[in-house]
Amino acid sequence: MLTGLIQLGDASDTTIARTAAGIVTIEGARIKTQELYVKILPSDFMPDDGGRPAMIDDTSGDRWLESHGTLKLFAFVEIPLGFKATECIIYGSAASAIAVYEADVNSATVTSRGTGNIGTIIDGGDFTHVTADATNYIMIELAQASGEKVYGGSMTIAAV
C-alpha cells in the first residue's frame, strides 16, 4: 500500500494525490499517452451509383485510388467499442470536399457529423465526436475532381 504523494518523474512533473475519501487528483505536466488511429485504406472506399468503378492507377511507379471522372467515393470506418471518433483526415492530390456522417448497420439514415477538405484534419468544431455503439460507424463521402488521387487516411479515436 502506498501513502502520501506519488510523483511521476521530477517533482515539477506530475503528482497523483488522494484529496478526500474516494477522490484522487492528478496535477502537473501532461502525460502523453499513445494516440490511437484507425487507418483508412484505399480498399475502404467504394464508388457511388454512377455506374463506374473506383480504380487503382498503376500507369507509373506510384499507386493511388481514383474514381471515374468526378464521381464520388465513400469510405466506411468502424469505431471500436469503448472508443469515440474524434477527428479524421483523408490524403490525396487535391483539396476536394469531404463530408463525414454517422451511419448505422440497421438503417439507411445518416447524420451529418462534419465537413472539410482532403488534406485537412476534420476535428472539434468541424467534426462532432461519435461514440461507438452496437450499430454505428463513420461514413466518409469524398467529392473528387477528374483525375484526382486518393491515398487513404486515418480516423483518430479516444477511449470513453
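Just above sits the structure.
Here is what the cut-offs are and how they apply
- Residues numbered from 1 in each chain as written.
- Predicted model: local features only at pLDDT ≥ 70, side-chain atom pairs only at ≥ 80, totals over all residues.
- Heavy atoms only, no water.
- Helix = DSSP H or I, 4+ residues; strand = E, 2+ residues; numbered from the N terminus.
- Areas by Shrake-Rupley, 256 points an atom, 1.4 Å probe, with all protein chains shown as cover.
- Pairing = 2+ DSSP bridges.
- Axes fitted to C-alpha atoms, helices over the stretch in contact; angles between N-to-C directions.
- Buried < 20%, exposed > 50% of the residue type's maximum accessible area, 1.4 Å probe, protein only.
- Core = buried A, V, L, I, M, F, W, Y, C linked by side-chain atoms within 4.5 Å.
- Contact = heavy atoms within 4.5 Å.

## Overview of the overall build of the chain
At step 1: Helices and strands together make up the secondary structure of the chain, namely 0 helices and 15 strands.
At step 2: When the accessible surface of the chain is summed, it comes to about 9500 Å², and 53% of that surface belongs to carbon and sulfur atoms.

## Describing the sheet that holds strand β5 (residues 45–47)
At step 1: With antiparallel pairing, the 5 strands of this open sheet are ordered in space as β5-β8-β14-β10-β11. Every interior strand has two partners, whereas the edge strands, β5 and β11 (110–117), have only one. Averaged over all neighbouring strand pairs, the angle between strand axes comes to 25 degrees, with direction disregarded.
At step 2: Direction of pairing for β5 relative to strand β8 (residues 73–78): antiparallel, over a ladder of 3 bridges. From the neighbouring strand, Met 46 faces β8, where its bridge partner is Phe 74.

## A few points about the pairing of strand β10 (residues 97–104)
Two faces belong to every sheet, and in a regular strand the side chains alternate between them.
At step 1: Burial within β10 is extensive, with 7 of its 8 residues counted as buried.
At step 2: Looking at chain direction, β10 and β11 are connected through 7 bridges and run antiparallel. Directly across from Val 100, in β11, lies its bridge partner Gly 114.
At step 3: Taken together, β10 and the strand that follows it, β11, pair antiparallel across an intervening segment of 5 residues.
At step 4: Pairing between β10 and strand β14 (residues 136–142): 7 bridges, direction antiparallel. By the bridge assignment for β14, Asp 104 is matched with Asn 136.

## Digging into the nonpolar core
At step 1: Phe 45, Ile 138, Ile 140 and Met 155 are the most contacted members of the largest nonpolar core, which totals 24 residues.
At step 2: Going through the elements one at a time, β4 (36–40), β8, β9 (83–92), β10, β14 and β15 (150–159) are the ones with two or more residues in this core.
At step 3: By size, the runner-up hydrophobic cluster in this structure holds 6 residues, among which are Phe 74, Ala 99, Tyr 101 and Ala 103.

## A look at the side chain of Glu 141
At step 1: Of note, Glu 141 is situated in strand β14.
At step 2: If sequence neighbours within four positions are ignored, Glu 141 has contacts with Lys 72, Leu 73, Phe 74, Ala 97, Ile 98, Ala 99 and Tyr 101.

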